[in-house]
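Geometric and topological summary
Residues per chain, in single letters:
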Amino acid sequence: MTDLSKYRHLYPHTQSTIYLNHAAVAPLHSKSIEQIKQFQKERIVGNIAYWPDVMDRKTEFKQLISRLVNAPSDNIAVIQNTSTGLNMLAHGLDWKPGDRILLNNFEFPANVYPFLKLQKYGVTVDFVKHRNGRIDADDIAEKIHSQTRLLSISFVQFLNGFKSDLEAIGQLCRQNNIIFCVDGIQGIGALEMDVSALGIDYLSCGGHKWLMWPMGTGFMYISPRIFNRVYPVMASWLSVEDAWDFFNYDLKFLPNAERFEGGAFNLQGIVGAIASLQLFEEIGLKQIEKQILDTTEYLIQLLSDNGYRLFTVTDSRHRSGIVTFHHDKVEELFEYLEKEKVSVSIRSGLIRVSPHFYNTLEDIDKFMDLVQAFDGS
Ligand SMILES: Cc1ncc(COP(=O)(O)O)c(C=O)c1O
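Residues numbered from 1 in each chain as written. Predicted model: local features only at pLDDT ≥ 70, side-chain atom pairs only at ≥ 80, totals over all residues. Heavy atoms only, no water.

What the protein chain contains, in helices and strands, is 11 helices and 12 strands. Radius of gyration (C-alpha) of the protein chain: 21 Å, near the 21 Å computed for a compact globule of 377 residues. Principal-axis analysis of the C-alpha atoms places the extent of the protein chain at approximately 75 × 60 × 30 Å. Pairs at least 24 residues apart make up 72% of the contacts formed inside the protein chain by residues separated by at least 6 positions. Taken as a whole, the protein chain presents about 16,600 Å² of accessible surface, with 50% of it coming from carbon and sulfur. Distance between charge centres in the protein chain, computed from 37 positive and 45 negative side chains, equals 3 Å. (Helix = DSSP H or I, 4+ residues; strand = E, 2+ residues; numbered from the N terminus. Rg over C-alpha atoms; globule rule 2.2 N^0.38 Å. Contact = heavy atoms within 4.5 Å. Areas by Shrake-Rupley, 256 points an atom, 1.4 Å probe, with all protein chains shown as cover. Lys, Arg positive; Asp, Glu negative; His and termini not counted. Charge placed at Lys NZ, Arg CZ, Asp CG, Glu CD.)

And the structure:
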């Protein structure tokens, strides 16, 4: 395994806790906290009305995202969270009765409700059924209908960490002229992503999990292919050309993804996000991904060797930062781990473990020792 231990000191909670819950909310690291504190200090003793600075930071943020997901920065917009981005797509498209949308029955609801709301326009939502936590491209292909206009799927599923075969799904979408939308929140920051190579048309991603941003900051990407097909749901004063010419009410939307943004935004969150993106760039996403996958592989091995039943699909093509397993005393085990200062989640009656790059194999050993101690073995 690559030694990323020099970054561990950026996470002071590691001195007293074992945090294995990044699929829920990630801790901020001390570089991010320092940048946010500096930003706050400037707000009280320095440049209080900070408009030009706002735009520079937004540009910097988008350039970092552009490199993270391999997309032009003009096609990236700042959003609050994943739900906002998905709603912007769902409600920005022109729907006709009879149009169909393809989802699956294993999604987190954030990637379902924005599309179900479209039923009131006569749109039908179809669901591919997962097979014991797998969503296979062949099953998706079978559910495609001549009227299917859009498919939305998570990069990584929240419950068991199943990583979608975005390459195969993207191909299906292109062959059938379907808009290909991805909810990125459970994968981006942990795994490499290339929206251009995968032919993704739209990506929505909140930042408070694997990207380690302050909550309430996220981004969306819209491909050049569908850019003109999505009408901005929010027309803010900053969505237009010549925004500072206040009494020129010509509604000329900007030619880039900024047209989709609301007005003033969470700049403090963006400051924290920039610090995190810079850190991830310094380490390299390839290294981060490798570290996470090595750690989860180790955990999968330990759980299997000790007789625990996994709900995570262990095939390496579908693995991510999430490992989920069955236990017959989920609540009690969870409470016991909390008491021992080990953080995981309970989701749908299962234990979900989600280490990030700074977690070590020793963290995993301690977690496993505690689970076994709880089970009296
Ligand atoms: C797959 C997935 N999408 C979206 C969300 C959250 O949506 P939002 O960023 O809108 O809070 C979660 C978890 O909270 C998730 O697991």
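All residues in the neighbourhood of the ligand are listed as Asn81, Thr82, Ser83, Phe108, Ala110, Ser154, Phe158, Asp183, Ile185, Gln186 and Lys209. Take threonine 82: an N or O atom from its side chain is 2.7 Å from an oxygen atom of the ligand. Here aspartate 183 contributes a side-chain N or O atom positioned 2.6 Å from a nitrogen atom of the ligand. Grouping the amino acids of the shell around the ligand by side-chain chemistry returns four nonpolar, five polar and two charged. (Near = heavy atom within 4 Å. Polar contact = N/O pair within 3.5 Å; in protein donor to acceptor, adjacent residues only side chain to side chain. Nonpolar A, V, L, I, M, F, W, Y, C, P; charged D, E, K, R; others polar.)

Moving on to helix α3 (residues 82-92). When α3 is considered as a whole, its buried residues turn out to be Thr82, Gly85, Leu86, Met88, Leu89, Ala90 and Gly92. Of the surrounding secondary structure, the elements contacted by the buried residues of α3 are β2 (76-79), α4 (113-116), β5 (148-154), β6 (179-183), β7 (202-206) and β8 (218-222). (Buried < 20%, exposed > 50% of the residue type's maximum accessible area, 1.4 Å probe, protein only.)

Tallying each qualifying case throughout the model produces 18 aromatic pairs. Each ring, one from tryptophan 237 and one from tryptophan 244, has its centre 5.3 Å from the other, and the planes form 80 degrees; the classification is edge-to-face. With a centroid separation of 5.8 Å and an interplanar angle of 55 degrees, the aromatic rings of tryptophan 244 and phenylalanine 246 are classed as tilted. Residue phenylalanine 246 is classed as partly exposed on the basis of its relative accessible area of 48%. Each residue in the set Tyr7, Tyr11, Phe280, Phe357 and Tyr358 is aromatic and connected to the rest through ring pairs, giving one cluster. (Phe/Tyr/Trp six-rings, centres within 6.5 Å; stacked < 30°, edge-to-face > 60°.)

Turning our eyes to something else, we now look at the sheet that holds strand β9 (residues 323-325). Here three strands make up an open sheet; going across it, the order is β9-β12-β11 and the pairing antiparallel. Pairing within the sheet leaves two strands with one partner each, and these edge strands are β9 and β11 (345-347). Neighbouring strand axes in the sheet, compared pairwise and without regard to direction, differ in orientation by 35 degrees on average. (Pairing = 2+ DSSP bridges. Axes fitted to C-alpha atoms, helices over the stretch in contact; angles between N-to-C directions.)

Moving on, we get to unusual backbone geometry. Non-glycine residue asparagine 70 carries a positive phi angle of around 55 degrees. By the element assignment, asparagine 70 lies in the loop between α2 (51-69) and β2. Relative accessible area serves as the criterion here: at 40%, asparagine 70 is assigned to the partly exposed category. Residue methionine 212 is not a glycine yet carries a positive backbone phi of 60 degrees. Assignment of secondary structure puts methionine 212 in the loop between β7 and β8. Residue methionine 212 is classed as buried on the basis of its relative accessible area, which comes to 0%.

What follows covers helix α11 (residues 361-374). Across its 14 residues, α11 extends 20 Å between first and last C-alpha, which sits within 8% of the 20 Å expected from 1.5 Å per residue. Within α11, burial applies to Asp363, Ile364, Phe367, Met368, Leu370, Val371 and Gln372. Buried residues along α11 sit in contact with β1 (18-19), α9 (285-305), β9, α10 (330-339), β10 (342-343) and β12 (350-353). Directly after α11, the chain includes glycine 376, whose backbone phi takes a positive value near 70 degrees. (Expected span 1.5 Å × (residues − 1).)

Keep in mind that these numbers describe shape and distance, not what the molecule does.
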